[in-house]
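Results of the structural survey
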Amino acid sequence: MSEKKYTKDHEWVSIENKIATIGISNHAQESLGDIVFIELPSVGNSVKAKDEICVVESVKAASDIYAPIDGEIIEVNNNLENDAAIINQDAENEGWIFKMKIYDSNQYSDLMSQDEYKQFLEQ
Amino acid sequence: MNQLPIDIPLKNFHQNNGAKILPFAGFNMPINYKTGIINEHKNVRNHSGIFDVSHMGQILIENNESYLHKLEKYIPLQLKKLIKNRSHYSFLLNKDGGVIDDLIISNIDIKDKSYLYIVYNASRKKEDEEIFVSCAPNAEKIYNKNCLFAIQGPDSINVLKNIIDIPNNMNFFDILISKYNNNVIIVSRSGYTGEDGFELSIPNESAENLITDLLKNKNTMLCGLGSRDSLRLEAGLSLYGHELNENITPIEAGLLWALDKERLEDKHLNGNKVLSDQLKNKLYNKKIGLISSNKSMLRDGMTLFDNNNNQIGKITSGCFSPNLNKSIAIGYIKSEHNIDNPIFCEIRKKLELVKINNLPFVKKNYKKNGSTYE
């Protein structure tokens, strides 16, 4: 699996054979607090980078999740439907949200590395 | 309100205890601590929790007939008849009967002098204090020298009894003066969670000692404004700026019980005609409780529709209910809507069925004569 990369909207992306796995960063789950519900994206949808594609709800507020790159949604993490708190427990592994087939791997290269994301958070 | 948020006196203490601090009503306030809102919420329902609400307004007004008369223009109570050592939930009303603020008003003696002690919302300090000072020029704001803590939950009495003398016969909404480390503290049996509990007004210099003493009990914990909000919503309690504002009367907000009926006939009371007309004609928006029929979250500001797609109301507060494991909300609907007909809420451009639920969502657990009442 490729190096994990991050967006300014606090999503993480990792890629294997042109399939990207996407979730929210550990920093994002910490600032959201207890996550109680997630509206998962629809499998089969083609989306563009920056499209709002699903919603994570914490006790206090709803947060949109954006597509980090162009592609087609091919799988969602159905475990989250029953227990969205998995994202709080393990945001960057078991708490993955969806997978997509990507069209343009340059878009992935343009995202932030782990170190760059750390610096971005410190700003 | 463009000024920087003010720190409450124990901000560093809270930060050292893992608080997430965010600005609220002009103050840097603990929103939640390390274990999260849901855990804090459940700890209050099952054991107890401690909230620092030092952002709230606290004022002492001399119990003087001329001051009381002036205040009765705004406050729908017979202030001269308030029973000593009792608290009352009430309001400041504007000319149209709308709510300038909701507050707790108590009659207490401090050092042989009789006062009204009023606790009011941080977000309404400016508006409220203009009124208080116009009625009683020597009104004494005490929130700069006194912290305000709330300990809430069924175990509160046991946690507090070890530290402060509390008489066994103290009922909900009783209030008294006690001592802690030679400091005079104001202790009221009250709160904003639907649980039994106490509010403690304590001089700043002893505040950290008191909260540290309370936390020695292993079943209690620090709780932030996040769980305070989900607890009050489950208990069906109104929040200023949401269920209450200057365009909503206490009657619309379902708070008729808090109005002194004789005062509604008194022309000296702001909005008395609007209020007595509403009472007679029953034509006003109604406050309702709602519960989602699936897992979607109901949120403040969402619009409500009937089955003919007519807009019939709005949600004013919504959150996840840890006790019911569902989303709950409070909102207003137009008087002409028949509540037996279905209601839909627009959630992200989709209409979803919601169910009316009587308020409160979770039974209250207040104490009177040693037993529990709702």
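Residues numbered from 1 in each chain as written. Chains lettered and ligands numbered in written order. Predicted model: local features only at pLDDT ≥ 70, side-chain atom pairs only at ≥ 80, totals over all residues.

Moving on, we come to the overall build of chain A. A count of helical and extended segments in chain A gives five helices and nine strands. Beginning at the N terminus, the succession of helices and strands in chain A can be written as β-β-β-α-β-β-β-β-β-α-α-β-α-α. For chain A, the spread of C-alpha atoms along the principal axes amounts to about 35 × 35 × 25 Å. When burial is assessed residue by residue, chain A has 41% of its 123 residues classed as buried. (Helix = DSSP H or I, 4+ residues; strand = E, 2+ residues; numbered from the N terminus. Buried ≥ 20, exposed ≤ 12 C-beta atoms within 10 Å, placed from the backbone.)

Averaged over every residue, the pLDDT of chain A is 94; the share at 70 or more is 99%. Of all the helices and strands in chain A, helix H4 (residues 105-109) of chain A carries the lowest mean pLDDT, 89, while strand E8 (residues 71-76) of chain A carries the highest, 97. (pLDDT = per-residue confidence, 0-100.)

Turning next to the interface of chain B and chain A. Each side of the interface is counted separately: chain B has twelve residues, and chain A has nine residues. If you list the elements that add at least two residues to the side of chain B that touches chain A, you get helix H2 (37-46), helix H7 (225-234) and strand E17 (311-321) of chain B. Residue classes in the side of chain B that touches chain A are distributed as five nonpolar, four polar and three charged. (Contact = placed C-beta atoms within 7 Å. Nonpolar A, V, L, I, M, F, W, Y, C, P; charged D, E, K, R; others polar.)

Considering every residue of chain B, the mean pLDDT works out to 95; 99% of them sit at 70 or more. Reported confidence for the predicted complex is 0.85 by ipTM and 0.94 by pTM.

We now examine the environment of glutamate 11 of chain A. Residues and elements named next belong to chain A. Examined against the element boundaries, glutamate 11 turns out to sit in strand E2 (residues 11-16). Each C-alpha atom, one on glutamate 11 and one on glutamate 122, is 16 Å from the other, the two residues being 111 residues apart in sequence. When residues no more than four places from it in sequence are discounted, the contact partners of glutamate 11 are Tyr6, Ile22, Gly23, Ile24, Ser25, Ile65, Tyr66 and Pro68.

This part covers the sheet that holds strand E4 (residues 49-52) of chain B. Residue and element names in this part refer to chain B. A sheet is described by the order of its strands in space; here six strands give the open sequence E11-E12-E13-E10-E4-E14, paired in mixed fashion. For this open sheet the edge positions go to strand E11 (175-180) and strand E14 (222-223), each flanked by a neighbour on one side alone. As defined by bridge partners, strand E12 (residues 183-188) adjoins strand E13 (residues 197-203) across three bridges and the pair is classed as antiparallel. The residue of E13 that forms the bridge with serine 188 is glutamate 199. Docked against the sheet, H2 engages E4, strand E10 (146-152) and E14, running at close to 120° with respect to E4. (Pairing = 2+ DSSP bridges. Axes fitted to C-alpha atoms, helices over the stretch in contact; angles between N-to-C directions.)

Attention now moves to the sheet that holds strand E6 (residues 87-93) of chain B. Residues and elements named next belong to chain B. Strands sit in the order E6-E7-E8-E5-E9 across an open sheet of five strands; the sheet is antiparallel. Bordering the open sheet on either side are E6 and strand E9 (140-141), each of which pairs with just one other strand. As paired strands, strand E5 (residues 57-62) and strand E8 (residues 113-120) are joined by six bridges and run antiparallel to one another. In the sheet register, glutamine 58 faces E8, and the bridge partner there is valine 119. On top of the sheet, helix H4 (residues 125-135) reaches E5, E6, strand E7 (99-110), E8 and E9; it is set at about 5° to E5, its chief contact.

This paragraph deals with the domain arrangement of chain B. Quoted interface sizes are often the accessible area lost when the parts come together. All names here are of chain B. Here the domain parsing of chain B yields domain 1 (6-56 + 143-234) and domain 2 (285-361). Placing the centre of domain 1 and that of domain 2 at their C-alpha centroids yields a distance of 31 Å. Facing the nine residues of domain 1 at the interface are ten residues of domain 2. Every element with two or more residues in the side of domain 1 that touches domain 2 is listed here: H2 and H7. Tallied by class, the residues present in the side of domain 1 that touches domain 2 amount to two nonpolar, three polar and four charged. (Domains from an automatic or database assignment.)

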